[in-house]
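# Coordinate inspection notes
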Amino acid sequence: MRTPLVRVAFDEGEVFLKPENLQPIGSFKLRGAYNKIASLSPEQRQRGVIAYSSGNHAQGVAYAARAMGCHATIVMPDNSPRLKLEKTKALGAEIVIVGPASDERKEQAEELATEHGYALVPPYDDEAIIAGQGTMGLEIVEDLSDVSTVLVPVGGGGMISGISVAIKNLRPEARVFGIESELGAKAKASFEAGHRIAFPAEETSRTIADGLRTQSVGECNFEYIQHYVDGFISVSEEEIRKSIRRLAFEAHLIAEPSGAVPTAAALFHRDEFPSDGKTVAIVSGGNIAPELLKEVLGAQ
């Protein structure tokens, strides 16, 4: 689905939101998953596909596989939000549960792919996935030709890779910033060090933003980040919670924590990016557990 840009006048300043929570699966992940599975041969699709994910990519792969008539197996961590697990099952995917470490689910998926001949659909470190996510960047420039800054959440780096390539090639003067939780800002650390840095799972799993809990950015993703991304901003857990509330009450959008991270930067870190022009914040998904949403919206 081509999502619109929603113009919102927050007290802190005007922001254009890209509401990927409106996608059929509730997140942007459908773009990359569908593009990857569509690029497979009929023989590969007949054997089935496998993916590893904490939730949104799982749903994207399950949805796209069902749409193209192939079987999907998803390796998910035992700390996946129950809502995302149930939605993935409802889409017809077979679920394999492993521990919380992102490396563990990747290894399990690769083993099963070899054993059964499944085609692997990675969550971010893949050119077809990156190209699919990059369609957001194309849409942004088409809808807002004078965009000056784009704020993108960063987990494994697939989304920011695709978006930054599209933005920088179509509008080189625009700036692209990656946004992370300060409890697991591995992309920021990698960017500043000039090489990929992996964080331990017990550190990245502390953030409420479950979609950003990967331990490192992907290898090819980091190359795009180094070439196209202007910088990184880390936000606090309280800022993420406040942004979920602000998006609900002021923009009338339901965002999961990962999806609210760019808005947190737009609201509370305006001194860390050029905020005098037209700023776009990606709302990457809206698959938030009802009990968490109730808790966050009820907080003062």
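Below or above, wherever it landed, is the structure these notes cover. (Residues numbered from 1 in each chain as written. Predicted model: local features only at pLDDT ≥ 70, side-chain atom pairs only at ≥ 80, totals over all residues. Heavy atoms only, no water.)

Contact geometry for helix α1 (residues 29-38) and helix α3 (residues 56-67): axes closest at 8 Å, N-to-C directions at 45°. The angle between α1 and α3 falls in the class oblique. In this structure, α1 meets α3 at a crossing whose hand is right-handed. Residues K29, L30, A33, Y34 and I37 of α1 form the contact with α3, whose own contacting residues are N56, H57, G60, V61, Y63, A64, A65 and A67. (Axes fitted to C-alpha atoms, helices over the stretch in contact; angles between N-to-C directions. Helix = DSSP H or I, 4+ residues; strand = E, 2+ residues; numbered from the N terminus. Parallel < 35°, antiparallel > 145°, perpendicular 65-115°, else oblique. Left-handed = near helix turned anticlockwise from the far one by under 90°. Contact = heavy atoms within 4.5 Å.)

So, on to the pattern of salt bridges. The final tally for this structure, using the stated rule, is 20 salt bridges. Residue E86 pairs with R82 through a salt bridge whose shortest N-O separation is 3.1 Å. Of this pair, E86 and R82 both sit in helix α4 (residues 82-90), 4 residues apart, which is roughly one turn of the helix. Overall, the relative accessible area of 55% leaves R82 in the exposed class. A salt bridge links R245 to E238; the shortest N-O distance between them is 3.8 Å. Shared partners join several salt bridges into a network, and the residues in it are K18, E20, R31 and E139. (Salt bridge = Lys/Arg side-chain N within 4 Å of Asp/Glu carboxyl O. Buried < 20%, exposed > 50% of the residue type's maximum accessible area, 1.4 Å probe, protein only.)

With that settled, the discussion passes to unusual backbone geometry. Most peptide bonds take the trans configuration, and most residues that are not glycine carry a negative phi. At H252, a position not held by glycine, the phi torsion is positive, near 60°. Position of H252 among the secondary structure elements: in the loop between α11 (237-250) and α12 (257-268).

Quick look at empty space enclosed by the protein now. In this structure the tally under the stated criterion is 1 cavity of 30 Å³ or more. There is about 70 Å³ of room inside the largest cavity. The wall of the largest cavity is formed by 13 residues, among which N79, P100, R105, S205 and R213 lie closest to the centre. Those elements that provide at least two residues to the lining of the largest cavity are α5 (102-116) and α9 (201-204). Class assignment of the residues belonging to the lining of the largest cavity gives a composition of 4 nonpolar, 6 polar and 3 charged. (1 Å grid on protein atoms, 1.4 Å probe; cavity = no way out; pocket = protein on both sides within 12 Å on 5 of 7 lines; lining within 4 Å. Points joined across faces, edges and corners; volume = space filled by probe spheres on them. Nonpolar A, V, L, I, M, F, W, Y, C, P; charged D, E, K, R; others polar.)

On the secondary structure map, E256 appears in the loop between α11 and α12. On a C-alpha basis, the gap between E256 and I208 in space is 9.3 Å, while along the polypeptide they are 48 residues apart. In this structure the side chain of E256 is engaged in a polar contact, spanning 3.4 Å, whose partner is the backbone nitrogen of G286. (Polar contact = N/O pair within 3.5 Å; in protein donor to acceptor, adjacent residues only side chain to side chain.)

Right, let's get into the sheet that holds strand β2 (residues 13-19). With mixed pairing, 6 strands are arranged side by side in an open sheet as β1-β2-β10-β7-β8-β9. Here the strands that pair on one side only, and so sit at the sheet edges, are β1 (6-10) and β9 (231-235). Between one strand axis and the next, the sheet turns through 30° on average, direction left out of account. Examined bridge by bridge, β1 and β2 share 5 bridges and lie antiparallel to one another. Opposite A9, over in β2, you have E14 as the bridge partner. (Pairing = 2+ DSSP bridges.)

The next point concerns the packing of aromatic side chains. Each aromatic ring pair is summarised here by two numbers: the centre-to-centre distance and the angle between the ring planes. If you walk through the whole model with that rule in mind, you get 3 aromatic pairs. An angle of 55° between the planes, with centres 6.5 Å apart, marks the rings of F177 and F273 as tilted. With a gap of 96 residues between them, F177 in strand β8 (residues 175-181) and F273 in the loop between α12 and β10 (279-283) connect regions that are remote in the sequence. Lying over the aromatic face of F268, K242 brings its terminal NZ or CZ to 5.9 Å of the ring centre. (Phe/Tyr/Trp six-rings, centres within 6.5 Å; stacked < 30°, edge-to-face > 60°. Lys NZ or Arg CZ within 6 Å of the ring centre and 35° of its normal.)

What follows covers the sheet that holds strand β4 (residues 72-77). Reading across from one edge, β5-β4-β3-β6 is the order of the 4 strands in this open sheet, with parallel pairing throughout. Strands at the two margins of the open sheet, each flanked by one partner only, are β5 (94-98) and β6 (119-120). Two elements, strand β3 (residues 49-52) and β6, share 2 bridges in a ladder whose sense is parallel. Bridge pairing links V49 to A119 in β6.

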